[in-house]
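# An overview of the molecular structure
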Amino acid sequence: MFSTNPQVDRHGELRHLLSIEGLPAALITRILDAAQPYAESEQKKQPVLTGKSVFNIFFENSTRTRTTFEIAAKRLSADVINLAMNTSSTAKGETLLDTVDNLAAMQADMFIVRHGSSGAPYLIAQHLAATGRNHISVVNAGDGRHAHPTQGLLDMYTIRHYKKDFTNLTVAIVGDVLHSRVARSQIHALTTLGVPEVRVIAPKTLVPAGMERMGVRVFNSMSDGLRGVDVVMMLRLQNERMQGALLPSTHEYFKTYGLTPEKLALAKPDAIVLHPGPMNRGVEIDSAVADGKQAVILPQVSFGIAVRMAVMAMLGGKA
Amino acid sequence: MFSTNPQVDRHGELRHLLSIEGLPAALITRILDAAQPYAESEQKKQPVLTGKSVFNIFFENSTRTRTTFEIAAKRLSADVINLAMNTSSTAKGETLLDTVDNLAAMQADMFIVRHGSSGAPYLIAQHLAATGRNHISVVNAGDGRHAHPTQGLLDMYTIRHYKKDFTNLTVAIVGDVLHSRVARSQIHALTTLGVPEVRVIAPKTLVPAGMERMGVRVFNSMSDGLRGVDVVMMLRLQNERMQGALLPSTHEYFKTYGLTPEKLALAKPDAIVLHPGPMNRGVEIDSAVADGKQAVILPQVSFGIAVRMAVMAMLGGKA
Amino acid sequence: MFSTNPQVDRHGELRHLLSIEGLPAALITRILDAAQPYAESEQKKQPVLTGKSVFNIFFENSTRTRTTFEIAAKRLSADVINLAMNTSSTAKGETLLDTVDNLAAMQADMFIVRHGSSGAPYLIAQHLAATGRNHISVVNAGDGRHAHPTQGLLDMYTIRHYKKDFTNLTVAIVGDVLHSRVARSQIHALTTLGVPEVRVIAPKTLVPAGMERMGVRVFNSMSDGLRGVDVVMMLRLQNERMQGALLPSTHEYFKTYGLTPEKLALAKPDAIVLHPGPMNRGVEIDSAVADGKQAVILPQVSFGIAVRMAVMAMLGGKA
């Protein structure tokens, strides 16, 4: 039903955005190029998706992510419908695919899907193809531990904005790689775009087995891992996911892995610091760094709107 | 204050949509006719209600119904305000009519009302008339066990779409008639439009006393009731409403009243199957039927948007 | 960082709306003048804020207030994003200012802020100035016990509409002054606009110490306080805030301080009655008064939309 890559059609155009894995470098670059006018334009509202219906289908609550997609869609002049699915028909026993069929029958043009289970957006895209509704696009807004591709793309946009070229960079990803869908998207994007050295810095308990096979170097110490890097990508410490014995205490974590000015001094002097938000100040990042000159955390948010507009415009056919 | 029929003004125009009971056949037909261009148009967004304010006032949570009205209103270019009233001022002790007065004072043009109590939308329409605000229209989006008229209308649209003529049909309504506001709307619509034989199929415990007075034939067995019908209208088994001893078990219910391919074979070969959703697969309907060729359940959803657009456009004065 | 008055820029233009305290009489009058065309226009939708992004940031639930701002912004053609912050990232431990920074980075143009803590909107405005984002305006939609300036402004609009001139009025504010942010906004507005006599009528337990310093006369009895007044401004009895021994019972309260036709007869024959809503009928106000000829409670709601449109239009640069 699907060709090998459901995200890309036979002409190499973006069909869905499910994961950065499987996106060719040229397509990633085209998305970033398409985002640039949106990031730079004075004109916030654009008539690109006028009359189109974008459904934000959130099976998991995430006000922040939902807001970024909602504002991106509204700036493209789409009609946006927000669906908090945890309080909806699924609670009445309807299956996921029946819900999808119903929303598709309302003549949806695009589904933005957030789901607690890895693969749910892929399943939806597959079902739409199987039932002859290929004109509806699916954008993964975070699925379980799997992927969060627009986050990965906005990170790439941010790095390109400040560093211009990917092919001479050393990039360190720091923190809870084990539970992070953001980290997976980032690693795929960085290696695909030709970053020669991607490092992961984390305590042993937070590094998945076989991490090196993704093309990264694993470090367990900040002093080794941060030395000479151009880009530091911090991860959020997912307190809510860590029950039990994986970590000693947040205080202890901050001492060892929290990004302080002292540790950041090991990186190149012009290194930039990214964080996907929301930040735990004093846990994974020190306020002096979060509010410091090297942080590009707020530009990430602005670029995130532009990148989501670009993805939606490409899927809607005009970008 | 009200003439006998608050839904229709003295020129025979739709004033509110409160119940299918009391709508003349000609007016129902005009609504279905008005829906047709919306169902068939390529152009989703229409400038029919530009500048009008539509309030979705939901005293009961129903994401699905709210979504269909929201998207219908947005496609007509209205401004839509969603109000989840169970978490609102009414919780602070405000009366229903004070809430209505307040929203009316915000220069509302239309109220879409969902309420757990039968008659609430009628009460609101009556109050608006009594206070000289006849320009605000009320659409009943489901009130207690009473009515759900847009569901009834979309069912009629669907039957007309597939069967063309109502006057030679045999239609069976199957399931929990006792607790269903959908069933009442359907029966009124079918008899009004001239369907010569309307059947109800349900266990004795789920048939209200005096059902026959509505002009239907009651069957307690599927093998008798389904024989030779043109249209099968399934009802959702409202698990949440059935405490206690009305039914043996969902498994038992499925065996006796669940629509399987075998039972459906008793109907005419070109019989169509409707369901208002959300479906309980394996309870009132078998997946082989739900996903089969005779099911028109997803077209119902599409037609539902068109019918709601038609009703809102007629109430807004241009349809 | 701020000049003495953060709400007004050096040219005397409105910069934020945080509190009526500190607004010169001329600026209040300009807001009321700007609201008039919106209150009187046949044309509900205006292209004043096209392409602008208005964020309703509600840290406290208030469906009514949120709705008035949402509809005002939509009638000005803005894109509106509703954020229920009690269920959002702040729950994940993000600080208030990090949340603000993130929303600002999404290229917000205006924040409508409701917060349980007095001063939160001021803090946000201060932070935006400190971080060089003065182009984002803040409107206080109610902060703790501090202020609710658009309520105060709509009250002034209502009084001016019915009484034309402020400088010969006697105005009584009745009820739970102690817990009311509305009362503070009203008193500031009335004294600034030149009302020669502002009275407060409340039981001793509900009058803050030093009330007279705000320029009001305090009465503990309705028969003394209402005598000869032109305007009666009722306050809502905040049941939910009054634990314990401040009041005997709502029945007793109604007997002593509830506004009945008998008590209202002590005021001037053409006195008007205001109430911010939602009303507790039979507690602070009798239904005969609430629904009577002297009540202007529903016009308040209509004027409230117009006043909010005027404030937003002035902050958006075109009013």
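Residues numbered from 1 in each chain as written. Chains lettered and ligands numbered in written order. Predicted model: local features only at pLDDT ≥ 70, side-chain atom pairs only at ≥ 80, totals over all residues.

This next bit is on the overall build of chain A. Looking only at helices and strands, one finds 11 helices and 9 strands in chain A. Taking 2.2 N^0.38 as the reference for a compact globule, 319 residues should give roughly 20 Å; the C-alpha atoms of chain A span a radius of gyration of 19 Å, in line with that estimate. Expressed as a percentage of the 319 residues in chain A, the buried residues total 55%. Pairs at least 24 apart in sequence give 79% of the contacts found in chain A among residues at least 6 apart. (Helix = DSSP H or I, 4+ residues; strand = E, 2+ residues; numbered from the N terminus. Rg over C-alpha atoms; globule rule 2.2 N^0.38 Å. Buried ≥ 20, exposed ≤ 12 C-beta atoms within 10 Å, placed from the backbone. Contact = placed C-beta atoms within 7 Å.)

Time to look at the relation of the copies chain A and chain C. When chain A is fitted to chain C, the residual RMSD is 0.0 Å, and the transformation amounts to a turn of 120 degrees plus an axial shift of 0.0 Å. The symmetry that links the two subunits is that of a three-fold axis. (Least-squares fit on C-alpha atoms with pLDDT ≥ 70 in both.)

Each partner contributes to the interface: chain B provides 19 residues, whereas chain C provides 20 residues. Of all the elements in the fold, those that place two or more residues in the side of chain B that touches chain C are β2 (79–84) and α3 (96–105) of chain B. Per-element accounting of the side of chain B that touches chain C gives the leading share, 4 residues, to α3(B). Tallied by class, residues from the side of chain B that touches chain C come to 4 nonpolar, 10 polar and 5 charged. (Nonpolar A, V, L, I, M, F, W, Y, C, P; charged D, E, K, R; others polar.)

Residues and elements named next belong to chain C. With respect to the helices, strands and loops of the structure, Ala 183 is situated in helix α6 (residues 181–192). In this structure, the C-alpha to C-alpha distance between Ala 183 and Arg 145, residues 38 residues apart in sequence, is 9.5 Å. Excluding residues that lie within four positions of it along the chain, Ala 183 makes contacts with Ile 173, Val 177 and Leu 235.

Another aspect to go through is the pairing of strand β8 (residues 231–234) of chain A. Residue and element names in this part refer to chain A. Side chains of β8 alternate between two faces, with Val 231 and Met 233 and Val 232 and Met 234 buried alike. Relative to β8, strand β5 (residues 170–174) runs parallel, the two being bridged by 4 bridges. Opposite Ala 172, over in β8, you have Val 232 as the bridge partner. Inspection of the sheet shows β8 paired to strand β9 (residues 272–274) by 3 bridges, in the parallel sense. In the strand pairing of β9, Val 232 is matched with Val 273. (Pairing = 2+ DSSP bridges.)

Residue-level contacts link 20 residues of chain A with 19 residues of chain C. Every element with two or more residues in the side of chain A that touches chain C is listed here: α2 (63–75) and α11 (297–315) of chain A.

Residue and element names in this part refer to chain C. Read from one edge to the other, the open sheet built from 5 strands follows the order β7-β6-β5-β8-β9, with strand pairing classed as parallel. Strands with a single pairing partner mark the edges of an open sheet, and in this sheet they are β7 (217–219) and β9 (272–274). In this sheet, adjacent strand axes meet at a mean angle of 20 degrees when their direction is disregarded. Bridge count between strand β6 (residues 197–201) and β7: 3 bridges; the pairing is parallel. The residue bridging Val 200 from the neighbouring strand is Val 218, located in β7. (Axes fitted to C-alpha atoms, helices over the stretch in contact; angles between N-to-C directions.)

Okay, the domain arrangement of chain A next. All names here are of chain A. In terms of domain boundaries, chain A breaks down into domain 1 (25–148 + 304–315) and domain 2 (149–301). Between domain 1 and domain 2, the contact holds 18 residues from the first and 21 residues from the second. Listed by contribution, the elements that provide at least two residues to the side of domain 1 that touches domain 2 are α1 (25–40), β4 (137–143) and α11. Among the elements that make up the side of domain 1 that touches domain 2, the one with the highest residue count is α1 (5 residues). Across the side of domain 1 that touches domain 2, the residue classes break down as 9 nonpolar, 6 polar and 3 charged. (Domains from an automatic or database assignment.)

We now examine the nonpolar core. Grouped together as the largest cluster of nonpolar side chains are 323 residues, with contacts concentrated most on A:Phe111, A:Val232, B:Phe111, B:Val232, C:Phe111 and C:Val232. Sequence-distant contacts of C:Phe111, defined by excluding residues within four places in its chain, comprise C:Phe55, C:Ile57, C:Leu103, C:Ile124, C:Ile136 and C:Val138. (Core = buried A, V, L, I, M, F, W, Y, C linked by C-beta atoms within 7 Å.)

All names here are of chain A. Closest axis-to-axis distance for the helix α5 (residues 149–163)/helix α6 (residues 181–192) pair is 8 Å, and the angle between their directions is 50 degrees. It follows that α5 is oblique to α6 by the angle criterion. For the crossing formed where α5 meets α6, the hand is right-handed. Along its contact with α5, which presents Pro 149, Gln 151, Gly 152, Leu 153, Asp 155 and Met 156, the element α6 presents Val 182, Ser 185, Gln 186, His 188 and Ala 189. The residue makeup of the contact of α5 with α6, split by class, is 5 nonpolar, 5 polar and 1 charged. (Parallel < 35°, antiparallel > 145°, perpendicular 65-115°, else oblique. Left-handed = near helix turned anticlockwise from the far one by under 90°.)

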